[in-house]
Amino acid sequence: MPSDCCFEAEVLAAVVECRWPERVDPELRQHAGACAVCAEVALLATELRADRDRLRAEAAPPESARVWWMAQMRARREAEKAAARPITAAQVLGTAAAAWFAGACYGATSEWFRAEFTQISGTVQTLGVAGFLASGTGLLLAIGTISILVLVPTAVWLAVAKD
Ligand SMILES: [Zn+2]
């Protein structure tokens, strides 16, 4: 049995172009009936073409309008997310500034706070910073200050980074 035939490509082209077997030269059809190589090529190519046609018919690609609409919705959602991020950061910063301002107003007007501040200042002047931090009040004040300095940036970072 020969492994190839000079009409093999012609038979294959006829099948791929949907001309096989009705719209080809009668000589080629006659040759394929006698040649094992061409008969096999015609049979396999016909089966593959039928399979391709069946798969194309079964495939249901979405309509272009639907694809466009979904892309628009996705772009809109992403734009909303991107726009909301700076607003959230600004809200956190505004809240922190308002809290700081309220605390400053309270501290400036409260007799108790002024008395405590004066006492703390006196303690720091007599004991030094290290001695003040070693006392219980100084330690609590330092922990509170460090907590605020850590918590506010952490809250801002969490608000900006959430996705
Ligand atoms: Zn042949």
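Cut-offs applied
Residues numbered from 1 in each chain as written. Predicted model: local features only at pLDDT ≥ 70, side-chain atom pairs only at ≥ 80, totals over all residues. Heavy atoms only, no water. Helix = DSSP H or I, 4+ residues; strand = E, 2+ residues; numbered from the N terminus. Rg over C-alpha atoms; globule rule 2.2 N^0.38 Å. Salt bridge = Lys/Arg side-chain N within 4 Å of Asp/Glu carboxyl O. Buried < 20%, exposed > 50% of the residue type's maximum accessible area, 1.4 Å probe, protein only. Core = buried A, V, L, I, M, F, W, Y, C linked by side-chain atoms within 4.5 Å. Contact = heavy atoms within 4.5 Å. Donors = N, O, S within 2.8 Å, 3.2 Å for Na, K, Ca; no water. Tetrahedral: all angles 85-135°; square planar, octahedral: opposite > 155°, others 65-115°. Patch = residues over 30% accessible without salt bridge, like charges linked within 9 Å, V, L, I, M, F, W, Y side chains within 5 Å. Areas by Shrake-Rupley, 256 points an atom, 1.4 Å probe, with all protein chains shown as cover. Disulfide = S-S within 2.5 Å. Axes fitted to C-alpha atoms, helices over the stretch in contact; angles between N-to-C directions. Parallel < 35°, antiparallel > 145°, perpendicular 65-115°, else oblique. Nonpolar A, V, L, I, M, F, W, Y, C, P; charged D, E, K, R; others polar. Domains from an automatic or database assignment.

Chemist: Even after reading the chapter, I still don't get the overall build of the protein, so can you show me in this structure?
Modeler: For the protein, the helix and strand inventory stands at six helices and zero strands. Moving toward the C terminus, one meets the helices and strands of the protein in the order α-α-α-α-α-α. Against the 2.2 N^0.38 benchmark of 15 Å for 163 residues, the protein shows a C-alpha radius of gyration of 42 Å, more extended than a compact globule. With respect to the principal axes defined by its C-alpha atoms, the protein has extents near 115 × 40 × 20 Å.

Chemist: Would you explain the pattern of salt bridges in this entry?
Modeler: Side-chain pairs of opposite charge can arise where the charged atoms are in close proximity. Counted according to the given criterion, the structure contains five salt bridges. One salt bridge in this structure joins Arg19 and Glu17, with 2.8 Å as the shortest N-O distance. Owing to a relative accessible area of 47%, Glu17 belongs among the partly exposed residues under this scheme. A salt bridge links Glu58 to Arg54, with the nearest nitrogen and oxygen atoms 3.1 Å apart. Taken together, the residues span about one helical turn, with Glu58 and Arg54 both in helix α3 (residues 36-58) at a distance of four residues. A relative accessible area of 53% places Glu58 in the exposed class. Overlapping salt bridges bring together Asp51, Arg54 and Glu58 as one network.

Chemist: What is the right way to read the nonpolar core from this model?
Modeler: It is characteristic of soluble globular proteins that their nonpolar side chains tend to be buried jointly. In this structure, Val11, Trp20 and Cys38 are the most contacted members of the largest nonpolar core, which totals 14 residues. Counting only elements with at least two residues in this core, the list comes to α1 (8-16), α2 (26-34) and α3. Element by element, the count of residues in this core is highest for α3, at five residues. With residues near it in sequence (within four places) discarded, Val11 still touches Trp20, Leu28, Cys38, Val41 and Ala42.

Chemist: Honestly, the coordination of the zinc ion in this entry has me stumped. Any pointers?
Modeler: For a metal with four donors in a tetrahedral arrangement, the ideal angle between donors is 109.5 degrees, while six donors in an octahedron ideally sit at 90 or 180 degrees. Looking at the zinc ion, one finds its protein donor set to be Cys5 (SG), His31 (NE2), Cys35 (SG) and Cys38 (SG), positioned 2.1 to 2.4 Å from the metal centre. Coordination at the zinc ion is tetrahedral: its four donor atoms span angles of 94 to 116° at the metal. Between consecutive donor residues of the zinc ion, the sequence gaps follow C-x25-H-x3-C-x2-C. Exposure remark for His31: the relative accessible area of 22% places this residue in the partly exposed category.

Chemist: Would you take a moment to explain a nonpolar patch on the surface for this structure?
Modeler: On the surface, Tyr106, Trp112, Phe113 and Phe117 cluster together into a nonpolar patch covering about 490 Å² of accessible area. Top element by residues in the nonpolar patch is helix α5 (residues 111-134). It accounts for three residues. In this fold, Phe117 is placed in helix α5.

Chemist: Which parts of the structure should I look at to understand the state of the cysteines?
Modeler: Working definition of a disulfide: a covalent bond connecting the sulfur atoms of two cysteines. This model, assessed by the stated rule, comprises zero disulfides. Cysteine Cys6 shares no disulfide, and the gap to the nearest cysteine sulfur, in Cys5, comes to 4.7 Å.

Chemist: Would you mind going over the packing of α5 against helix α6 (residues 136-161) with me for this structure?
Modeler: A pair of packed helices is characterised by two quantities: the angle between their axes and the separation of those axes. Two elements in contact, α5 and α6, have axes separated by 9 Å at closest approach and are oriented at 75°. Comparing their axes, α6 and α5 come out roughly perpendicular. Together, Ile120, Phe132, Leu133 and Ala134 of α5 and Gly136, Gly138, Leu139, Leu141 and Ala142 of α6 make up the contact between the two elements. Here the contact of α5 with α6 is composed, by residue class, of seven nonpolar, two polar and no charged.

Chemist: Could you clarify how one ought to interpret the domain arrangement of the protein in this entry?
Modeler: Many descriptions give the size of an interface as the accessible area lost when the pieces come together. What the domain assignment lists for the protein is domain 1 (8-58) and domain 2 (78-161). A C-alpha centroid distance of 83 Å is found between domain 1 and domain 2.

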